[in-house]
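The residues making up each chain are set out below.
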Amino acid sequence: MTELKLTLNVKAAGATDALQAAAVRKTAATETLEDAWIRILAMKNSEPDNAKLHAVKQAMDNGKIGRDPASANKRFSKAEALRMYSVLAEQQREGKLAELVANTPDNYVLVTDETVLYELTLLAMKEPIIAVDTETTGLDVYSDVIVGVSLTLPTIDRHYYIPFEPTHDARALPIEALELLRPLIENESVGKVLHNAIYDIAMFRRHGITLKGLAWDTMTAMHLLNENEPSYKLKDLAPVYIGSESDTFAELFGKDAKFAEVPLDIALVYAAKDTHLTWDLYVFQSQHLKKMPEMYEYYCTVEVPLLIVIADLESNGYVLDLDFAKEYGEKLRRQAEALLSELLAVLTPFHEGEEQLNINSNQQLKPALSKAIGKELPNLDAKKTLKPLKSEFEIIAKLLEYKKITKLSGTYIDKLPLKQNAVTKRWHSRFNPMGTVTGRFSSGKDEEDKSEQGFNVQNQPKDARKMFVAPPGKVIIGADFKAQEIRCVAHLSGEKVLIDAFLNERDPYASLASDFHGKPYEEVYKTAEGDDTVERKEMKVGMLAAIYGTSKYTLAEQLNTTPNEAQAFLDRMFKTMPQLDGWIKETQEFAAKYGFVWMDGKQRKRRLPDAKLKAKWGDKDTWRKISRAKRQGPNGRVQGSSSIQTKVTMIRAYEMCQRKEGWRLWGTVHDELLFEAPIDFTEQDAQDVEDVMTNSYKFGDVPNGSDLEVMTIWGKGVPVSKWFADKESK
DNA sequence: ATTCTGAGCCAC
DNA sequence: AAACGTGGCTCAGAAT
């Protein structure tokens, strides 16, 4: 498969120019079908389009499908080929469905009788571990409902599908019969294996059933086994890892089909196969993961229980102050309008073209602005290009202000209010624990349904956070890990200078800057006015550069100096931290040798195959890949190990919330956990939060630190000490 | 109308 | 041997 694709791509790349010229010369009458195919396949086609085009070509070659006579006199186009794919897919779909039903395995069982279902649950409860899946009316876990449940009972090798009432078939059981499954789903001692468990947990929750005994999620486990996998859909993984091909729901039933409308004989084969595949994938995955005992242990004790925590966090959701959002949004709109008319007044004379200048189009703005200031701009990057020109040209200052405002209202203030859930009246985001290659959470989109865009909680700007408020009678408590990544790298590298700073409870940047400049600690920590000193700032930038693998050129820009000076600074900085320096080099050498790096305690891997590449002289492309992989090595270890700390701490925090009345986990933003707590929480409660933050996961001997903030509006907090002091004085 | 991509920018 | 690691969302523009 891969080889075929490569050959075609190579051919396409080399032949493109000649082909384009040929295509222009040729008329519709002279281009043969074969030539048309070469031309179409040489286009920049998306991966799905490419697959469709090849399917059509093959079907045409085999005489299974032909051109519509109505368009036979026109030049054969990609559009026509794709239209033919729809016809082909429809032809094949009917054949496939008939074949599926005819070949229903004997051990796939449709359950349409309550007594049989009851007996099935008794049988299932004898199993130590089963596979579970739900079919639903749609993908919104707050408004859609279950239409069927699949179960795989491995010891007897049977796979069941139980359709419920929304299903358009009289044989489906009444939805009340879902209750018969409760004792099984809620039974802690029957392990459950699912693919994308968060989804099914939420669906069962819709029906008041709490899934217990979660043992494995084949989707998240796959991320741990290979974070570079192109797709984590069950139907994409199965052929690769368990050699079992099957069609996706859309392929079989069409894009907009509803599972409730699928005939039961087909639904059985499709749904029972889901848990069957899930089970087989689980067997494969657990065998492989067990070969790496630390990873296996990490998966079972952190990533699996974390799914329950996330499902609960997501379902809790957020409360937004809509009045504030409306008022603030209008204020921003007025400001943007005023700025826009000023910008247009200046820039329109420099704009070429019939239409009115669109300020939001960089393609139009760049030439107009360049002419207006009499300087050719390379791009419109706010930080690198525009900001340095801000004081020289008023128009640029106004443009920056305009961009900032329209970004804020266009992405956050105006958009978020539209995403309220109609059923719960709250705002629910998604937290994907395997959303990043390092192990951090991603937030916003659904991994299995990327078309449906949610909202990202983790990149809300400070001004947008003001929309998020604590529910009535509650406060939001934010607890961060103080200098999490620096403590992490201190532990991983064993860097004495850093570890000592933390043991002495000193600010690491100030401590480093003090050594570096030979000045007293207090002098470089804070200025008389309480601001950060230049020495501390510089050291902070330098340390982050070390972790991120920043080049001397970028660092020079950040420190407002020359690349040589920046390099000299880094050299001197590393000289004061020899263990850190050595650790970075060792990590890069390890990556180059093995093609991966370990997170803390071998609990997780970051696979960097490019680090093993060898670049010949002048091969810049390969060199760039190697350089990138080299930067990713140390950074991945730090970011990934830090995320392990955050995840372990989240589980302990969740357990703490379970013990406290009215407490829930509200969110997480990488190095920070947020709680929802009763407004009359006690100092002991605050102490418990701090204990959870600092004691749940240790980076060796490096102590953890945490700052707590109390707020009713996200981002507008007071330190917990001040909260209680204010309370006292009232 | 729908889908995709790149530039740009928000967070840590 | 030039460009900072991990994400997600919006907009414009292009392609179909």
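Everything below is about the structure printed above this text.
The following paragraphs examine the structure supplied in this document. Just so you know, these numbers come straight off a predicted model, no measurement behind them. (Residues numbered from 1 in each chain as written. Chains lettered and ligands numbered in written order. Predicted model: local features only at pLDDT ≥ 70, side-chain atom pairs only at ≥ 80, totals over all residues. Heavy atoms only, no water.)

### Section: the protein's contact with DNA strand C
Turning to step 1, where the next piece is worked out: Around DNA strand C, 41 residues are found, and the nearest of them are Ser361, Ser551, Thr554, Gln558 and Arg631.
Turning to step 2, where the next piece is worked out: Across the atoms of DNA strand C situated within 4 Å of the protein, the share located in sugar and phosphate is 72%.
Turning to step 3, where the next piece is worked out: In the environment of DNA strand C, a base oxygen lies 3.4 Å from a nitrogen or oxygen atom belonging to the side chain of Thr550.
Turning to step 4, where the next piece is worked out: One nitrogen or oxygen atom from the side chain of Arg631 is found 2.6 Å from a phosphate oxygen belonging to DNA strand C.
Turning to step 5, where the next piece is worked out: For the surface near DNA strand C, the secondary structure elements donating two or more residues are helix H14 (362-373), strand E9 (442-443), helix H23 (552-559) and helix H26 (620-659).
Turning to step 6, where the next piece is worked out: No other element matches the seven residues that H26 contributes to the surface near DNA strand C.
Turning to step 7, where the next piece is worked out: Looking at the surface near DNA strand C residue by residue, the classes come out as seven nonpolar, 24 polar and ten charged. (Near = heavy atom within 4 Å. Polar contact = N/O pair within 3.5 Å; in protein donor to acceptor, adjacent residues only side chain to side chain. Helix = DSSP H or I, 4+ residues; strand = E, 2+ residues; numbered from the N terminus. Nonpolar A, V, L, I, M, F, W, Y, C, P; charged D, E, K, R; others polar.)

### Here's the deal with the pairing of strand E11 (residues 474-481)
Turning to step 1, where the next piece is worked out: Within E11, seven of the eight residues are buried, leaving the element largely enclosed by the surrounding structure.
Turning to step 2, where the next piece is worked out: Direction of pairing for E11 relative to strand E15 (residues 672-678): antiparallel, over a ladder of seven bridges. The partner of Lys474 across the bridge, within E15, is Pro678.
Turning to step 3, where the next piece is worked out: By the bridge criterion, six bridges tie E11 to strand E16 (residues 706-711) in an arrangement that is antiparallel. Residue pairing in the sheet places Ile477 in a bridge with Val710 of E16. (Buried < 20%, exposed > 50% of the residue type's maximum accessible area, 1.4 Å probe, protein only. Pairing = 2+ DSSP bridges.)

### Details of empty space enclosed by the protein
Empty space left among the atoms is revealed by rolling a probe the size of a water molecule over them.
Turning to step 1, where the next piece is worked out: If you walk through the whole model with that rule in mind, you get three cavities of 30 Å³ or more.
Turning to step 2, where the next piece is worked out: Approximately 110 Å³ is the volume attributed to the largest cavity.
Turning to step 3, where the next piece is worked out: Only helix H8 (218-225), helix H12 (293-316) and strand E8 (431-432) provide two or more residues apiece to the lining of the largest cavity. (1 Å grid on protein atoms, 1.4 Å probe; cavity = no way out; pocket = protein on both sides within 12 Å on 5 of 7 lines; lining within 4 Å. Points joined across faces, edges and corners; volume = space filled by probe spheres on them.)

### What about the sheet that holds strand E1 (residues 108-110)?
Turning to step 1, where the next piece is worked out: The strand order E1-E4-E3-E2-E5-E6 describes an open sheet built from six strands, whose pairing is mixed. In this open sheet, the two edge strands, each paired with only one partner strand, are E1 and strand E6 (214-217). The sheet shows a mean angle of 25° between the axes of neighbouring strands, taken without regard to direction.
Turning to step 2, where the next piece is worked out: With six bridges joining them, strand E3 (residues 146-153) and strand E4 (residues 158-163) adopt antiparallel strand pairing. The residue of E4 that forms the bridge with Leu151 is Tyr160. (Axes fitted to C-alpha atoms, helices over the stretch in contact; angles between N-to-C directions.)

### Structural notes on the protein's contact with DNA strand B
Turning to step 1, where the next piece is worked out: The environment of DNA strand B is made up of 19 residues, and the closest members are Asn362, Ala382, Arg440, Asn459 and Asp671.
Turning to step 2, where the next piece is worked out: Within 4 Å of the protein, atoms of DNA strand B come from sugar and phosphate in 83% of cases.
Turning to step 3, where the next piece is worked out: One of the backbone nitrogen or oxygen atoms of Ala382 is found 3.1 Å away from a phosphate oxygen of DNA strand B.
Turning to step 4, where the next piece is worked out: One of the side-chain nitrogen or oxygen atoms of Asn459 is found 2.8 Å away from a base oxygen of DNA strand B.
Turning to step 5, where the next piece is worked out: The set of elements that each furnish at least two residues to the surface near DNA strand B consists of helix H16 (394-413) and helix H17 (462-465).
Turning to step 6, where the next piece is worked out: When residues in the surface near DNA strand B are grouped by element, the largest group, three residues, is from H16.

### Notes on the nonpolar core
Most often, soluble globular proteins keep nonpolar side chains buried together rather than apart.
Turning to step 1, where the next piece is worked out: By size, the foremost hydrophobic cluster in this structure holds 175 residues, and its most contacted members are Leu369 and Phe675.
Turning to step 2, where the next piece is worked out: Discounting chain neighbours no more than four positions away, the residues touching Leu369 are Leu347, Leu377, Leu380, Leu386, Ile395, Ile396 and Leu399.
Turning to step 3, where the next piece is worked out: Residues Leu252, Phe253, Leu268 and Val269 belong to the second largest nonpolar core, which totals 17 residues. (Core = buried A, V, L, I, M, F, W, Y, C linked by side-chain atoms within 4.5 Å. Contact = heavy atoms within 4.5 Å.)

### A closer look at the side chain of Ser514
Turning to step 1, where the next piece is worked out: Take Ser514: it is sitting in helix H20 (residues 508-517).
Turning to step 2, where the next piece is worked out: A polar atom in the side chain of Ser514 sits 2.7 Å from the backbone oxygen of Lys519.
Turning to step 3, where the next piece is worked out: For Ser514, the residues in contact, after removing those within four places along its chain, are Lys519, Pro520, Tyr521 and Val524.

### Quick notes on the sheet that holds strand E17 (residues 718-719)
Turning to step 1, where the next piece is worked out: Ordered in space as E14-E15-E11-E16-E17, the five strands form an open sheet in which the pairing is antiparallel. The sheet is open, and its two borders are formed by strand E14 (664-668) and E17, each paired with just one other strand.
Turning to step 2, where the next piece is worked out: Pairing of E14 with E15, which is carried by four bridges, proceeds in the antiparallel orientation. In the sheet register, Arg664 faces E15, and the bridge partner there is Glu676.

By themselves, these are just geometric observations and shouldn't be taken as functional.
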